[in-house]
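# Remarks on the overall topology
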Amino acid sequence: MVDILFIGLSLSSILLLVALGLAVTYGAMGIINMAHGEMVMIGAYTAVMANIWLGLGLIAAIPLAFAVTALAGLAIERLVVRRLYGRLLDTLLATWGIAILLQQAIRLEFGLSFFGIHIAGLGSGLQNVPVPGALQGTVQILGHDFNAYRIFIVAMTLILAAATWAVMYRTALGMKVRAIIRNPQMAAACGIDVQRTNALTFALGSGLAGVAGVLMAGFKTVAPDMGATLVVDGFMVVVTGGVGSLLGTVAASGLLGEFNALVAMATNDILGRAAVFAVVIGVILLKPAGLFTFKGR
Amino acid sequence: MLAAGVRMAAEEINAAGGVAGRPIEVIVEDGASDPKTYAEKAQKLVIRDRVSTVFGCHTSASRKAVLPIFERRGAMLFYQTHYEGFECSPNVVYSGAVPNQQLGNYIPWILETLGKKKVFIVGSNYVYPREMAKVSKGLIEAGGAEWVADEYLELGHSEWAVMVNKIKDSGADVVLSNVVGDSIISFYREFINQGLSHEEIPICATVTSEIEIAAMGPEYAAGSYTSFPYFQSLDTPANKSFIERYRAFVGDPAATTYHSLEAAYFQVFLWKQAIEKAGDTSVEAIREGIRGQEYAAPGGTVKIDGDNLHCWLTPRIGQWQADGQTKIVDEYDAPIKPLPYAAYGETAENLFCTREGLDSSKL
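Below or above, wherever it landed, is the structure these notes cover.

### Quick look at unusual backbone geometry
Residues and elements named next belong to chain B. A positive phi angle is found at A20, which is not glycine, with a value near 50°. Tracing the backbone through its elements, the reader meets A20 in the loop between α1 (2-15) and α2 (35-48). With a phi angle near 60°, F86 is a residue other than glycine that sits in the positive phi range. Look at F86 and you get partly exposed, because its relative accessible area is 35%.

The structure is reproduced here in structure tokens:
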């Protein structure tokens, strides 16, 4: 039983890793960022490239990936998203387009493959990130064997969630973001630079996705289209938890991850996944705004 | 990557004077791993470009999507991937392995040489793994062993925590994996990360090739097995030369060769021989000309069967080593006859798929 609960916890933390960044961008800015999965993908490729070209290990690649994806996010916000605020469906389509562009850029090695130039670590093939020996195999805690890498992921997720909470609730930037979540016009009227805050928020959300990507690279397949399925899971968690609520996102990922593990263990993985979708539908039917919401005025 | 095998063969044939004195012109289309796109591109090739032969497709889903186009328009498809059998189209030459060439030798070897008694069967959720599981179960029961589970994960999914936990708790002493694509990498990694080892519970795979091993990191697969007619490690002059020429052709000194690539390459030569024998490039000429054609492929002699247009191949079992290559631990002396309906009782004496097509009364 402990094994199953631990697997559930690990599934939850993977969901939360992807959803954290989305909770920030979707929750705070009301932008459906379909390119979020691609930020995870870029983070994973940063780890691959850092290993091949700079000799950096998985852990050292984490801050690097945060910087790379945060800058990429900032560029996307400045060039595209900024012009589309308040147009929900347009941002969805535009960011989806960006997602496809990014996937193909990696697959075609930024177009260089047309000229016969190949960059190690890019291209349509599958990539590989070496995992430090200490994170391979199992660790024994209280008589139970636990997967070392999954413990590492759970720990990193807790750290990232705490850091995100600290940014949102303990810094001036976070206070501005929360003001914008409640009422953007009023926040602007009070002298908050909404555009600048939004740009920083988008960069933060993208950077979190990049860190998620590095962690995924250690045990999942790194390929150009790896982000596409992740973004669906991410939105599922954010919507179930309640848009704009960090606590809701954490609670929803915990619920869905554990539920997935329990059903999958009792039946099989395919039914487990179906059951998760059933829970999401149920929650949205009963509480359309998600599990945790705050009252607007 | 498979297209490179076909293009390389065409280039070599052209350099040596072409087919019956005429050069081959290659038109390349990309199906983008999407059956619908495959169907569109096949239609374009057959109708607009008026080609009589297409080399390609990868998954069974893509082959099923293009099959009606070839049958209706009278064109020939050369299909190089190992597949589940249960097909008998007069418009397809199947040059990859079918289950009796991958499992017929494999399961008895697992039970007898490895001495395993409890098999956990795991696969991706679509037709190939399910058919492979059906063939395996028959062979396992015939060998006096038991299969303890037959489980599937959705195609393309990579969350293996629950499945590997089940393997751990199942009491199985060997895992038969029909997992395909990207999922293979996360499967082997999770397997090792949950503390299982290939020494105690080896993964015996039917799809895991040199490509996936390189992508997961060879240390996760060292000690596990795969059954294929071709491995890059085959130590013959013909294979050494093939690897060298392929690496020069793609301009990558570390490029990997594998079963489907080898089949993509040698099938072009079989096609050439068929045309030269029949003296014509029409579909009827290719179909009749190719029956019984033999070729010395990089992995040894191959022959297109006169009855079912599948390929005679030599079953081999490789054990993965720390360098990402295999050590051949078992191989047949000669190629064996392909039996696409082996799962339904087909034998060399009682063929279901013949020159006249499928005898469905036997199913």
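There's plenty left to go through after this.
### Considerations on the interface of chain B and chain A
Counting residues at the interface gives 29 residues for chain B and 32 residues for chain A. Summed over both sides, the interface of chain B with chain A buries roughly 2500 Å², with 50% coming from carbon and sulfur. On the surface where chain B and chain A come into contact, there are 3 salt bridges. The tally of links from chain B across to chain A stands at 7 residue pairs in polar contact (both at pLDDT 80 or more). Residue classes in the side of chain B that touches chain A are distributed as 11 nonpolar, 9 polar and 9 charged.

### Quick look at the side chain of E131 of chain B
Residue and element names in this part refer to chain B. Within the secondary structure, E131 is located in helix α6 (residues 127-142). Look at E131 and you get buried, because its relative accessible area is 10%. Polar contacts involving the side chain of E131 include one to the side chain of Y344, which spans 3.0 Å.

### Things to note about the sheet that holds strand β12 (residues 316-320) of chain B
Residues and elements named next belong to chain B. Ordered by their spatial adjacency, 7 strands build an open sheet running β5-β4-β6-β7-β8-β12-β13, and the pairing between neighbours is mixed. This sheet does not close on itself; its edge strands, each paired only once, are β5 (146-153) and β13 (326-331). For this sheet, the mean inter-axis angle between neighbouring strands, taken without regard to orientation, is 25°. In this structure, strand β4 (residues 118-124) lies alongside strand β6 (residues 174-178), joined through 5 bridges in parallel fashion. Bridge pairing in β6 links F120 to V175.

### Re the pattern of salt bridges
Counting across every chain of the model gives 24 salt bridges over all chains. Here K64 of chain B ties to E87 of chain B by a salt bridge, and the two come within 2.7 Å at their closest N and O atoms. Taken together, the residues K64 of chain B in helix α3 (residues 60-73) and E87 of chain B in the loop between β2 (76-79) and β3 (92-94) connect sequence positions 23 residues apart. A single salt-bridge network, built from bridges that share partners, covers R150 and K220 of chain A together with E159 and E190 of chain B.

### Concerning the packing of aromatic side chains
What the rule picks out here adds up to 22 aromatic pairs over all chains. For the ring pair Y26 of chain A and F235 of chain A, a centre distance of 5.6 Å and an interplane angle of 85° mean the geometry is edge-to-face. Residue Y26 of chain A is found in helix α1 (residues 2-29), and its partner F235 of chain A is found in helix α9 (residues 227-241); the two are separated by 209 residues along the sequence. Of the two residues, Y26 of chain A and F235 of chain A, both sit in the buried class. Through successive ring pairs, a cluster of aromatic residues spans Y230, F242, Y265, F269 and Y295 of chain B. The ring centre of W147 of chain B lies 4.3 Å from the NZ or CZ of K137 of chain B, which sits over that ring. A cation over a ring is seen here: K303 of chain B above W312 of chain B, with NZ or CZ 4.5 Å from the ring centre.

### A short note on helix α10 (residues 237-250) of chain B
Residue and element names in this part refer to chain B. For α10, with 14 residues, the first-to-last C-alpha span of 20 Å sits near the 20 Å given by 1.5 Å per residue. By the burial criterion, the buried members of α10 are N239, F242, I243 and Y246. Along the axis of α10, the buried residues cluster in a sector spanning 95°; they form a single face. Across from the buried face of α10, at angles greater than 90 degrees, the exposed residues are P237, E244 and A248. Buried positions along α10 lie against α1 and α11 (259-278).

### Quick look at the packing of α1 of chain B against α11 of chain B
All names here are of chain B. Remark: α1 packs on α11, axes separated minimally by 8 Å, with the N-to-C direction vectors making an angle of 35°. Of the two possible hands of crossing, α1 and α11 adopt the one that is right-handed. Across the interface between the two elements, L2, G5, V6, M8, A9, A10, E12 and I13 from α1 touch S260, L261, A264, Y265, V268, F269 and K272 from α11. Here the residues of the contact of α1 with α11 are counted per class, giving 11 nonpolar, 2 polar and 2 charged.

Quick notes on the rules
- Residues numbered from 1 in each chain as written.
- Chains lettered and ligands numbered in written order.
- Predicted model: local features only at pLDDT ≥ 70, side-chain atom pairs only at ≥ 80, totals over all residues.
- Heavy atoms only, no water.
- Helix = DSSP H or I, 4+ residues; strand = E, 2+ residues; numbered from the N terminus.
- Buried < 20%, exposed > 50% of the residue type's maximum accessible area, 1.4 Å probe, protein only.
- Contact = heavy atoms within 4.5 Å.
- Buried area = accessible area lost by both parts, 1.4 Å probe.
- Salt bridge = Lys/Arg side-chain N within 4 Å of Asp/Glu carboxyl O.
- Polar contact = N/O pair within 3.5 Å; in protein donor to acceptor, adjacent residues only side chain to side chain.
- Nonpolar A, V, L, I, M, F, W, Y, C, P; charged D, E, K, R; others polar.
- Pairing = 2+ DSSP bridges.
- Axes fitted to C-alpha atoms, helices over the stretch in contact; angles between N-to-C directions.
- Phe/Tyr/Trp six-rings, centres within 6.5 Å; stacked < 30°, edge-to-face > 60°.
- Lys NZ or Arg CZ within 6 Å of the ring centre and 35° of its normal.
- Expected span 1.5 Å × (residues − 1).
- Arc of directions from axis to C-beta.
- Left-handed = near helix turned anticlockwise from the far one by under 90°.

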